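Spelled out from the first residue to the last, the chains are:
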Amino acid sequence: MKVVIIGRGRLATNLEQALLKAGHQVTSVNSRTLEGLPPVADVFVVAVADAALTDVLRAATKGRHDQLFVHTAGSMPMDVFRGLTSRYGVFYPMQTFSKERLVDFNDISLFLEANSDASMERMKMLAATLSPHVFELDSEGRRHLHLAAVFACNFVNHCYALSAEVLKARELPFSVMLPLVDETARKVHELAPAEAQTGPAVRGDHNVMAMQADMLADSPGVRHIYEVLSTDIQRLADQSPTSND
């Protein structure tokens with residue numbers, strides 16, 4: 001297919017390489033200028049920041065009202081296209097992306113939504129060339145999916161950053177945590193996350209929790225995160241039929 005990608009960020013970079021690898025003809029366009037934007041394509045993919053999406057769509061769809069446009073945002077509804085083009089949808093790859101590390105789309109779940117059966121059929125044809133994991137999901141379902149991803153990815157990565165700060169204060173590299181990080185990730189392939197939980201909070205070890213909270217006295221914001229997470233770990237543990245060490 002002839003695919004136009006509008007945007008050159010992390011997702012756009014990864015998607016372009018995956019499409020080229022799958023044998024598609026790809027044109028990449030800077031979303032700020034739209035310079036060189038073709039008049040027609042099989043699919044126009046708008047991969048830009050949520051805050052810029054509406055303005056980019058207004059500019060990109062001018063004179064292309066019969067073309068198929070899709071956006072890639074997890075938290076933005078499909079209706080942002082309404083009134084701008086007659087054929088549109090959402091092509092959401094649920095993954096964390098970086099320019100420095102290309103991901104294998106074969107392992108990614110793609111969530112699609114379209115305003116018509118014809119649009120969905122073309123999107124499925126494209127998606128099937130990238131991944132065997134293709135699902136239809138409406139905007140409300142995708143909003144909840146994106147929220148779950150924020151917890152599973154963004155918040156977890158922030159906890160890595162907090163861990164790195166604690167280690168840095170004692171001149172220890174974050175690499176000492178990698179075996180622990182890897183084993184934690186492996187466990188949830190086999191166990192429900194609540195069942196895989198370990199640590200002082202799930203044990204109800206209040207002496208350790210109080211001591212560790214006091215160690216964060218100079219960082220009240222981080223201390224608050226520690227206390228909120230510990231309390232919520234205990235909440236889930238109280239709801240679980242089993243307990244962990």
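The coordinates are above.
Residues numbered from 1 in each chain as written. Predicted model: local features only at pLDDT ≥ 70, side-chain atom pairs only at ≥ 80, totals over all residues. Heavy atoms only, no water.

Trainee: Looking at this model, I keep getting lost on the sheet that holds strand E3 (residues 43–46). Mind explaining?
Mentor: Backbone hydrogen bonds are what pair the strands of a sheet, in a parallel or an antiparallel way. Spatially, the seven strands line up as an open sheet ordered E2-E1-E3-E4-E5-E6-E7, and their pairing is mixed. For this open sheet the edge positions go to strand E2 (25–29) and strand E7 (133–136), each flanked by a neighbour on one side alone. Mean inter-strand twist for the sheet, computed between neighbouring axes without regard to direction, equals 25°. Pairing between strand E4 (residues 68–71) and strand E5 (residues 87–94): four bridges, direction parallel. (Pairing = 2+ DSSP bridges. Helix = DSSP H or I, 4+ residues; strand = E, 2+ residues; numbered from the N terminus. Axes fitted to C-alpha atoms, helices over the stretch in contact; angles between N-to-C directions.)

Trainee: Where do I start with the packing of aromatic side chains in this structure?
Mentor: Any aromatic ring pair is given by two values, namely how distant the centres are and how the planes are angled relative to each other. Under the defined criterion, the tally for this structure stands at seven aromatic pairs. A ring pair is formed by Phe 81 and Tyr 88, whose centres lie 5.5 Å apart and whose planes are at 20°; its orientation type is stacked. This pair shows no difference in class: Phe 81 is buried, exactly as Tyr 88 is. Look at Phe 151 and Phe 155: their rings are 5.1 Å apart centre to centre, the planes differ by 80°, and that puts the pair in the edge-to-face class. A residue pair is termed a helical-turn pair when its members lie 3 or 4 positions apart in one helix, as Phe 151 and Phe 155 do in helix H4 (residues 139–168) at four residues. Exposure remark for Phe 155: the relative accessible area of 45% places this residue in the partly exposed category. (Phe/Tyr/Trp six-rings, centres within 6.5 Å; stacked < 30°, edge-to-face > 60°. Buried < 20%, exposed > 50% of the residue type's maximum accessible area, 1.4 Å probe, protein only.)

Trainee: In this structure, what is going on with the environment of Val 3? I would like to understand it.
Mentor: Within the secondary structure, Val 3 is located in strand E1 (residues 2–6). Judged by its relative accessible area of 0%, Val 3 is buried. Spatially, the C-alpha atoms of Val 3 and Val 43 are 5.1 Å apart, while their sequence positions differ by 40 residues. Residues in contact with Val 3, not counting those within four places in the same chain, are Leu 19, Gln 25, Val 26, Thr 27, Val 43, Val 45 and Leu 126. (Contact = heavy atoms within 4.5 Å.)

Trainee: Is there a simple way to explain the pairing of E2 in this structure?
Mentor: Consecutive side chains along a regular strand alternate between the two faces of the sheet. Bridge count between E1 and E2: five bridges; the pairing is parallel. Its bridge partner being in E2, Ile 5 is matched across the sheet by Ser 28.

Trainee: Looking at this structure, how should I read the pattern of salt bridges?
Mentor: A side chain of one charge can pair with a side chain of the opposite charge when the charged atoms of the two come close. Counting across every chain of the model gives ten salt bridges. Linking Arg 186 and Glu 183 is a salt bridge whose minimum nitrogen-to-oxygen distance equals 3.3 Å. Residue Arg 186 and its partner Glu 183 are located together in helix H5 (residues 178–187), separated by three residues, close to a single helical turn. Looking at Arg 186, the relative accessible area reads 49%, which means it is partly exposed. Note that Asp 232 is salt-bridged to Arg 235, the shortest N-O span being 2.7 Å. Note that Asp 232 and Arg 235 are positioned in helix H9 (residues 220–239) at a spacing of three residues, about one turn of the helix. Shared partners join several salt bridges into a network, and the residues in it are Asp 214, Arg 223 and Glu 227. (Salt bridge = Lys/Arg side-chain N within 4 Å of Asp/Glu carboxyl O.)

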